Amino acid sequence: MSFGLSRGKPLDISGYGLTGDDLPPLPDDLLQNPEKAWVDPRQWFEHPDRPFELEIGSGKGTFLAQQAGLQPETNFLGIEWAREFFSYAADRMRRNRTENVRMLHFDASEFVRWRVPTGIVKVLHLYFADPWPKPRHHKRRMVQDQFLAEAFRVIQPGGELRVVTDHADYWSWMEEHFARWCDPAHQWQGKTMFYERHDFERPASAGEGEVVGTNFERKYIAEGRTFNAAILVRPAGLDLA
Ligand SMILES: C[S@@+](CC[C@H](N)C(=O)[O-])C[C@H]1O[C@@H](n2cnc3c(N)ncnc32)[C@H](O)[C@@H]1O
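So, here is what we can say about the structure in this document. Keep in mind that this is a model prediction, so the values were computed, not measured.

### Considering the overall build of the chain
Piece 1. The helix and strand inventory of the chain stands at six helices and ten strands.
Piece 2. Relative to its length of 241 residues, the chain is compact, with a C-alpha radius of gyration of 18 Å against a globular reference of 18 Å.
Piece 3. In terms of overall dimensions, the chain has a C-alpha envelope of 55 × 45 × 40 Å along the principal axes.
Piece 4. Counting over 241 residues, the chain shows a buried share of 36%.

In structure tokens form, the structure reads like this:
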């Protein structure tokens, strides 16, 4: 049990929250045989055969709580590194009996890189990721070449990466990365690998005047901030082999 954000009421993550302890140890030959480290997060749901979407940095789980209700036949996994937010979101899904959401307390870049099997994610959501504004911290930003390569690997052909940010400098950084990664001639480790860029479409759960409707977005709207957003699609006909 934990308290924190619950204002005195105990938080109960049972049945809805997973942690690193629920993952098997990494194999000694990880670099030679990365598939041995894979876990299939679709098996954490009652209906593992359903479409699978992943949100990185879910915070209190507001987007998931709203959108999962409108897409009951899709399974959603939220990954959140801050224990308080993770516990709050997992408890929230349990209280609301949101059967198609699970929360994972883990580093999302590590999870996507080492644990997620190839081609299982229909949509990868990244909303208001930490901007790490100081140049010496830019390497901590989620959007990096390595991340875009791993996202490409785990997203199924025709699936997509959805990104929204309020931070102008982080957006310029993303634009620079997206320009390279959306060039059909782009290569990564000797393979042709590129996304198709599309305008952002608001999810059905977004409220009036909202882009997605997360907690941070609501706070930033109140502060008068503006937002930038994009969708990168993994082309349906582009295989990694
Ligand atoms: C600015 S908040 C946005 C939260 C939520 N998406 C929203 O819009 O309300 C960024 C969140 O990402 C989480 N986060 C940052 N790096 C992470 C990582 N490597 N893995 C998982 N979560 C991460 C932070 O703990 C924080 O909750």
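### Overview of the pairing of strand β5 (residues 121-127)
Piece 1. Most of β5 sits inside the fold, with six of its seven residues counted as buried.
Piece 2. Examined bridge by bridge, strand β2 (residues 52-56) and β5 share four bridges and lie parallel to one another. Pairing of glutamate 53 across the sheet is with valine 123, part of β5.
Piece 3. Regarding the hand of the β-α-β motif, the stretch spanning β5, helix α4 (residues 145-154) and strand β6 (residues 155-165) is right-handed.

### A few points about the packing of helix α3 (residues 108-115) against α4
Piece 1. Put simply, α3 and α4 touch, their axes get as near as 9 Å, and they point 50 degrees apart. Taken together, α3 and α4 sit at an angle that is classed as oblique. Here α3 runs over α4; the crossing is left-handed. Residue-level contacts link Ser109, Val112 and Arg113 of α3 to Phe147, Glu150, Ala151 and Val154 of α4.
Piece 2. Looking at the contact of α3 with α4, its residues break down into four nonpolar, one polar and two charged.

### Examining the nonpolar core
Piece 1. Counting residues in each nonpolar core, the largest one holds 55 residues, and the members touching the most others are Val121, Leu124 and Ala151.
Piece 2. No other element matches the six residues that helix α2 (residues 83-95) contributes to this core.

### Notes on the sheet that holds strand β1 (residues 17-19)
Piece 1. One open sheet holds the eight strands; their spatial order is β1-β4-β3-β2-β5-β6-β10-β9, and the pairing between them is mixed. Only two strands of the sheet have a single neighbouring strand rather than two, namely β1 and β9 (196-198). Direction aside, neighbouring strands of the sheet carry axes that sit 20 degrees apart on average.
Piece 2. Of the pairings in the sheet, the one linking β6 to strand β10 (residues 228-233) comprises six bridges and is antiparallel in character. Residue pairing for β10: arginine 162 is matched across the bridge by isoleucine 231.
Piece 3. Contacts from α2 reach β1, β3 (75-80) and β4 (101-105) within the one sheet, and its direction differs from that of β4 by about 160 degrees.

### A look at the site of the ligand
Piece 1. Gly57, Gly59, Trp81, Ala108 and Thr214 are the nearest of the 20 residues found near the ligand.
Piece 2. Secondary-structure elements contributing two or more residues to the shell around the ligand are β3, α3 and α6 (215-222).
Piece 3. Per-element tally for the shell around the ligand: the top contributor is α6, with three residues.
Piece 4. A per-class count over the shell around the ligand returns ten nonpolar, six polar and four charged.

Reading guide: rules and limits
- Residues numbered from 1 in each chain as written.
- Predicted model: local features only at pLDDT ≥ 70, side-chain atom pairs only at ≥ 80, totals over all residues.
- Helix = DSSP H or I, 4+ residues; strand = E, 2+ residues; numbered from the N terminus.
- Rg over C-alpha atoms; globule rule 2.2 N^0.38 Å.
- Buried ≥ 20, exposed ≤ 12 C-beta atoms within 10 Å, placed from the backbone.
- Pairing = 2+ DSSP bridges.
- Right-handed = clockwise from strand over helix to strand, strands pointing away.
- Axes fitted to C-alpha atoms, helices over the stretch in contact; angles between N-to-C directions.
- Parallel < 35°, antiparallel > 145°, perpendicular 65-115°, else oblique.
- Left-handed = near helix turned anticlockwise from the far one by under 90°.
- Contact = placed C-beta atoms within 7 Å.
- Nonpolar A, V, L, I, M, F, W, Y, C, P; charged D, E, K, R; others polar.
- Core = buried A, V, L, I, M, F, W, Y, C linked by C-beta atoms within 7 Å.
- Near = placed C-beta within 6 Å.

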